[in-house]
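Single-letter residue listing:
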Amino acid sequence: MGDVQRVFYFHVASGWVGALAFLVAAVSGGIYLARGKRRWDAVGLASVEIGLAFTLANLISGSVWARPIWNTWWTWDPRLVTASVMELVYVAYLLLRQGIEDPDRRARFGAVYAIVGFLSVPLTFLSIRIFRTIHPVVVGNNDPTAQGTFDMTPPMLQTFFVSLAVFTLLYGVLLWHRVRMQSLAETVEERKLKLLSA
């Protein structure tokens, strides 16, 4: 595939972080519903925001990779369609939160939506295993007769795992900073309200 193959490491790692972020949002939503602590709502929101950015990077890098390989920027492949739907599901999550003013109600609705919306993530992952597709199966398929196979050499595999580790670490750092920023914003808002009521 030449130099375009290098996009693969960015593309898959971005998709992995997007799925991981949406999983963290669903788990945070469940913990929020169980315990009612607003910190978990902040973690869920931050994780969805980061997941959207990485999923968008995954879709764009996939198009960059597809152009020289499939001779098109976009094809209605099941993986591309389900990944796009997943992105839209979480854009709708942000829109839902914007439409609710009461913070507790917004957090409850957001938590439930994050849990239900997570169903789009395994559907996206399994789409190339369930439907006939030209998208390669990177993990769990060495069958040379399968359509869309992708077998990695040992150096490619090493680079692949380093890329996944680095992107996962980047996600953790971004999540920590975003939750910290949210906490600082809430503190500033509380102080403003105290000054106005004094």
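Coordinates for the structure precede this section.
Residues numbered from 1 in each chain as written. Predicted model: local features only at pLDDT ≥ 70, side-chain atom pairs only at ≥ 80, totals over all residues. Heavy atoms only, no water.

A.B. asks: Provide a residue-level description of the overall build of the protein, including the pertinent values.
C.D. replies: Along the protein, the regular secondary structure elements total six helices and zero strands. What you see in the protein, going N to C, is helices and strands ordered as α-α-α-α-α-α. Expressed as a percentage of the 198 residues in the protein, the buried residues total 40%. Intrachain contacts of the protein at a sequence separation of at least 6 include 74% that bridge at least 24 residues. By element, 67% of the accessible surface of the protein is carried by carbon and sulfur atoms, the whole surface being about 11600 Å². (Helix = DSSP H or I, 4+ residues; strand = E, 2+ residues; numbered from the N terminus. Buried < 20%, exposed > 50% of the residue type's maximum accessible area, 1.4 Å probe, protein only. Contact = heavy atoms within 4.5 Å. Areas by Shrake-Rupley, 256 points an atom, 1.4 Å probe, with all protein chains shown as cover.)

A.B. asks: Can you lay out a nonpolar patch on the surface for me, pointing to particular residues and giving the numbers?
C.D. replies: On the surface, a cluster of nonpolar side chains totalling about 670 Å² of accessible area is made up of Leu56, Ile60, Val64, Trp73, Trp74 and Trp76. Relative to the assigned elements, Trp76 resides in the loop between helix 2 (38-70) and helix 3 (78-98). (Patch = residues over 30% accessible without salt bridge, like charges linked within 9 Å, V, L, I, M, F, W, Y side chains within 5 Å. Salt bridge = Lys/Arg side-chain N within 4 Å of Asp/Glu carboxyl O.)

A.B. asks: Before we move on, could you go through the layout of surface pockets and cite the residues and values that matter?
C.D. replies: When its volume is computed, the second largest pocket comes out at roughly 420 Å³. For the second largest pocket, the lining is made up of 17 residues, of which Arg38, Arg97, Arg106, Gln182 and Glu186 are closest to its centre. (1 Å grid on protein atoms, 1.4 Å probe; cavity = no way out; pocket = protein on both sides within 12 Å on 5 of 7 lines; lining within 4 Å. Points joined across faces, edges and corners; volume = space filled by probe spheres on them.)

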